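Each chain is listed here by its residues.
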Amino acid sequence: MLSSEQSLPSIAPRERVWSAATVVTRLTLAAGFLSAVADRFGWWGPPNTASVGWGDFAAYTAYTHTLSPYVPDGLQSAAAWGATAAESVLGLALLLGVLVRLAAGASAALLLGFALSMGLFLGWEAPLSNSVFAAAAAALLLALAPVGEFPLSVDRIVHSAATSSTNR
């Protein structure tokens, strides 16, 4: 049991709420990105199965072409792979809490790009019904969250290690 001199530092209620919100936001954004990547490789099931968006990479590449008709045909596969790489890296960074502010800002930009392409080439109902603008807004809030160190993250571990080494 801790004596009053050894008690843990208190965290203001508002900071606790922001800390919890950042963890939930990081995990849900990461889950969204990684789930979409899993779908492209058929991990949620084959094409034309209930609750499966693409089911394989060929279907995803065709979808990418629908969202980006301005990309030359020869580069559609590269665009699909680029989006997949970006979502994989950002999903893992958010999941682990690595460079959270940077990953969240990049996620906001990527999601906003997806939302605008969906709206322009599929109609505005698509990004609205799929909450892409809402996810972009959540990523932006995460990037701007007033939390000094993100809880349950690699960033926090690195920050704590750096702080303890400078205090020696």
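Placed above this text is the structure.
Residues numbered from 1 in each chain as written. Predicted model: local features only at pLDDT ≥ 70, side-chain atom pairs only at ≥ 80, totals over all residues. Heavy atoms only, no water.

A.B. asks: Residue-level account of helix α2 (residues 57–67), with values.
C.D. replies: Turning to α2, its buried residues number three or more, namely Phe 57, Tyr 60, Thr 61, Thr 64 and Leu 67. For α2, the buried positions fall inside an angular range of 115 degrees around the axis, keeping them on one side. The inward-facing, buried residues of α2 contact α1 (13–40), α3 (76–96) and α4 (100–122). Sitting at the head of α2, Asp 56 places a side-chain oxygen 3.4 Å from the backbone nitrogen of Ala 58. (Buried < 20%, exposed > 50% of the residue type's maximum accessible area, 1.4 Å probe, protein only. Helix = DSSP H or I, 4+ residues; strand = E, 2+ residues; numbered from the N terminus. Arc of directions from axis to C-beta. Contact = heavy atoms within 4.5 Å. Polar contact = N/O pair within 3.5 Å; in protein donor to acceptor, adjacent residues only side chain to side chain.)

A.B. asks: Any details on the packing of α1 against α3? Residues and values, ideally.
C.D. replies: Viewed as axis vectors pointing N to C, α1 and α3 meet at an angle of 145 degrees, and their least axial separation amounts to 8 Å. The chirality of how α1 crosses α3 is left-handed. The residues of α3 that touch α1, namely those facing Arg 26, Leu 27, Leu 29, Ala 30, Phe 33, Leu 34, Ala 36, Val 37 and Arg 40, are Ala 83, Thr 84, Glu 87, Ser 88, Leu 90, Gly 91, Leu 92, Leu 94, Leu 95 and Leu 96. (Axes fitted to C-alpha atoms, helices over the stretch in contact; angles between N-to-C directions. Left-handed = near helix turned anticlockwise from the far one by under 90°.)

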